[in-house]
Amino acid sequence: MTPTINDLVADLTPVRRLTPAQAWTMTLALTIAAILTIYALFGLRSDVMAGQPAGIVVLRAGALLLLGSAALTAVIAAARPGVGQTSHGWRWALGAALIFPLTSLVIMLAERRLPMAELTSPNGPWCLGISGVSALAIGTALTLWLHRGAPVALNRAGWLVGLAAGSFGAFAYSLHCPSTTIPYVGIWYTLAVGLCALAGRLIVPRFLRW
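Rules behind the numbers
- Residues numbered from 1 in each chain as written.
- Predicted model: local features only at pLDDT ≥ 70, side-chain atom pairs only at ≥ 80, totals over all residues.
- Heavy atoms only, no water.
- Patch = residues over 30% accessible without salt bridge, like charges linked within 9 Å, V, L, I, M, F, W, Y side chains within 5 Å.
- Areas by Shrake-Rupley, 256 points an atom, 1.4 Å probe, with all protein chains shown as cover.
- Salt bridge = Lys/Arg side-chain N within 4 Å of Asp/Glu carboxyl O.
- Helix = DSSP H or I, 4+ residues; strand = E, 2+ residues; numbered from the N terminus.
- Buried < 20%, exposed > 50% of the residue type's maximum accessible area, 1.4 Å probe, protein only.
- Phe/Tyr/Trp six-rings, centres within 6.5 Å; stacked < 30°, edge-to-face > 60°.
- Core = buried A, V, L, I, M, F, W, Y, C linked by side-chain atoms within 4.5 Å.
- Axes fitted to C-alpha atoms, helices over the stretch in contact; angles between N-to-C directions.
- Parallel < 35°, antiparallel > 145°, perpendicular 65-115°, else oblique.
- Left-handed = near helix turned anticlockwise from the far one by under 90°.
- Contact = heavy atoms within 4.5 Å.
- Nonpolar A, V, L, I, M, F, W, Y, C, P; charged D, E, K, R; others polar.

Engineer: Looking at this model, I keep getting lost on a nonpolar patch on the surface. Mind explaining?
Structural biologist: Residues W159, L191, L195, L198, L202, I203 and F207 make up a contiguous nonpolar surface patch of about 650 Å² in total accessible area. Per-element accounting of the nonpolar patch gives the leading share, six residues, to helix α10 (residues 182-208).

Engineer: Help me out: how do you make sense of unusual backbone geometry in this one?
Structural biologist: Leaving glycine aside, a negative phi is the common case for residues, and trans is the common case for peptide bonds. Although it is not a glycine, R112 sits at a positive phi angle of roughly 55°. By the element assignment, R112 lies in the loop between α6 (99-111) and α7 (116-119). Taking the relative accessible area as the measure of exposure, R112 reaches 78% and is therefore exposed.

Engineer: Hey, could you run me through the packing of aromatic side chains in this one?
Structural biologist: As enumerated under the stated definition, the model contains three aromatic pairs in all. Aromatic side chains F42 and W126 sit 5.6 Å apart centroid to centroid with 70° between the ring planes, which places their arrangement in the edge-to-face category. Taken together, the residues span a long stretch of sequence, with F42 in the loop between α2 (20-41) and α3 (46-49) and W126 in helix α8 (residues 123-147) at a distance of 84 residues. With relative accessibility at 38%, the residue F42 sits in the partly exposed group. With a centroid separation of 6.3 Å and 40° between ring planes, the pair formed by Y173 and Y189 is classed as tilted. Here the residue Y173 occupies a position in helix α9 (residues 154-174), and Y189 occupies one in helix α10, the gap between them amounting to 16 residues. Like Y173, the residue Y189 is buried in the burial classification. Chaining the aromatic ring pairs together yields one cluster made of Y173, Y184 and Y189.

Engineer: Sorry if this is basic, but what is going on with the nonpolar core here?
Structural biologist: Where a protein is soluble and globular, its nonpolar side chains tend to be buried together. Formed by 53 residues in total, the largest nonpolar core has its most connected members in L72, W145, L146, L163, Y173, Y184 and Y189. The element that contributes the greatest number of residues to this core is helix α4 (residues 55-79), accounting for 13 residues.

Engineer: Help me understand the packing of α4 against α9, please; the structure alone is not making it clear to me.
Structural biologist: Two numbers describe how α4 lies on α9: the axes approach to 8 Å, and their chain directions differ by 155°. By the angle between their axes, α4 is roughly antiparallel relative to α9. Note that α4 runs across α9; the crossing there is left-handed. Across the interface between the two elements, V57, R60, A61, L64, L65, L67, G68, S69, A71, L72, A74 and V75 from α4 touch L160, V161, L163, A164, S167, F168, A170, F171 and S174 from α9. Grouping the amino acids of the contact of α4 with α9 by side-chain chemistry returns 16 nonpolar, four polar and one charged.

Limitation: the analysis is restricted to geometry and does not speak to function.
Printed below as a string of structure tokens:
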């Protein structure tokens, strides 16, 4: 006997629909939790606490938020692929964020020396560690959320999850970071976000396969 529609759907159970608001709420909540944890353990910059952050602090925080938001938008699009649907805004945001390492390179060439103070800064490993731990929490939540969707370009989705998580994680740390030099941002923040993106590419795709 030919099965009817009712026969085919008899064993199906409803699932909660994926919405962009879920991903945004989850990511922002974890980012705020990371900021509060950093505040409790290490404190935030005095100028940030006073509501008068230095210009470089605003610039790096803004670049990280822009990059993280653009990458998160692309992650959301990856969870619900459609014909003709593209999300390339993250590439423009990444290009804008690359201003910091490029400017650092220009400064290094102009001064004809390596920025040793920034390269050997004791704050650098803390930047990597704290940003990485924050990104781990955000990236794990995004991966679990994305697994409920239907991503088809798994490697690309991995890059984007790592890029988004790394950007928001580095943003949380940036509110504490005592450094105010462009070479420091160009070296350590680029490294932090880059390593998170690489980790996303290597780890996330295997958890998205059905």
